[in-house]
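# A closer look at the structure
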Amino acid sequence: VQLVESGGGLVQPGGSLRLSCAASGFTFSSYSMSWYRQAPGKGRELVATIGRWGGSTTNYADSVKGRFTISRDNVKNTVFLQMNSLKPEDTAVYYCYARILTGYWGQGIQVTVSS
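Predicted, not measured: the structure shown is a model, and the values here were computed from it. (Residues numbered from 1 in each chain as written. Predicted model: local features only at pLDDT ≥ 70, side-chain atom pairs only at ≥ 80, totals over all residues. Heavy atoms only, no water.)

So, on to the sheet that holds strand 1 (residues 2-6). The antiparallel open sheet is built from four strands, whose spatial order is 1-3-8-7. Each edge of the sheet is formed by a strand with only one pairing partner; in this case those strands are strand 1 and strand 7 (68-73). Strand-to-strand twist of the sheet, defined as the mean angle between neighbouring strand axes without regard to direction, takes the value 15°. (Pairing = 2+ DSSP bridges. Helix = DSSP H or I, 4+ residues; strand = E, 2+ residues; numbered from the N terminus. Axes fitted to C-alpha atoms, helices over the stretch in contact; angles between N-to-C directions.)

Right, here's the structure in full:
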């Protein structure tokens, strides 16, 4: 199993970023996928989850509801996190997570929201 995140970086408050996580080594469409984040000095936080197959089921942390959208492309084996109206408190390392057996993590990608 391999998960590779991309799309992070530095953005001003109010801006947008789109994270991608390219998955390989398993039947992507058969598993739920999640995004987590970890801010400096804090624990890892579940941001969003999308169900398997068509991904009709999604769940979000209260802190990102209405601003972030998780989606998936089962042809490209990729899960996305569209982040809008970003705030400084969204600054964190973001991780892709595959809900397979005991779980698999990506390497993480930095998102910094600052003026």
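Bringing the environment of Leu 10 into the picture now. For Leu 10, the position within the fold is in strand 2 (residues 9-11). Taking C-alpha positions, Leu 10 is 16 Å from Ser 20, a pair spaced ten residues apart along the chain. Excluding residues within four positions of it along the chain, Leu 10 makes contact with Thr 112 and Ser 114. (Contact = heavy atoms within 4.5 Å.)

Our focus in this paragraph is the state of the cysteines. Scanning all chains against the criterion turns up one disulfide. Here Cys 21 connects covalently by a disulfide to Cys 96, the sulfurs 2.1 Å from one another. Between Cys 21 and Cys 96 the disulfide shows an S-S torsion of about -80°. By sign, it is left-handed. Note that Cys 21 is positioned in strand 3 (residues 17-24) and Cys 96 in strand 9 (residues 92-98), a separation of 75 residues in sequence. The two residues Cys 21 and Cys 96 agree in class, both being buried. (Disulfide = S-S within 2.5 Å. Buried < 20%, exposed > 50% of the residue type's maximum accessible area, 1.4 Å probe, protein only.)

Right, let's talk about the nonpolar core for a bit. With 29 residues, the main nonpolar core has Met 33, Trp 35, Val 79, Leu 81, Met 83 and Tyr 94 as its most contacted residues. Taken together, the elements giving at least two residues each to this core come down to strand 3, strand 4 (33-38), strand 5 (44-50), strand 7, strand 8 (78-83), strand 9 and strand 11 (109-113). (Core = buried A, V, L, I, M, F, W, Y, C linked by side-chain atoms within 4.5 Å.)

A separate point is the environment of Ile 100. Note that Ile 100 resides in the loop between strand 9 and strand 10 (104-105). When the C-alpha atoms of Ile 100 and Met 33 are compared, they prove to be 8.9 Å apart, with 67 residues separating the residues in sequence. Excluding anything up to four places from it in sequence, Ile 100 contacts Val 1, Phe 26 and Tyr 31.

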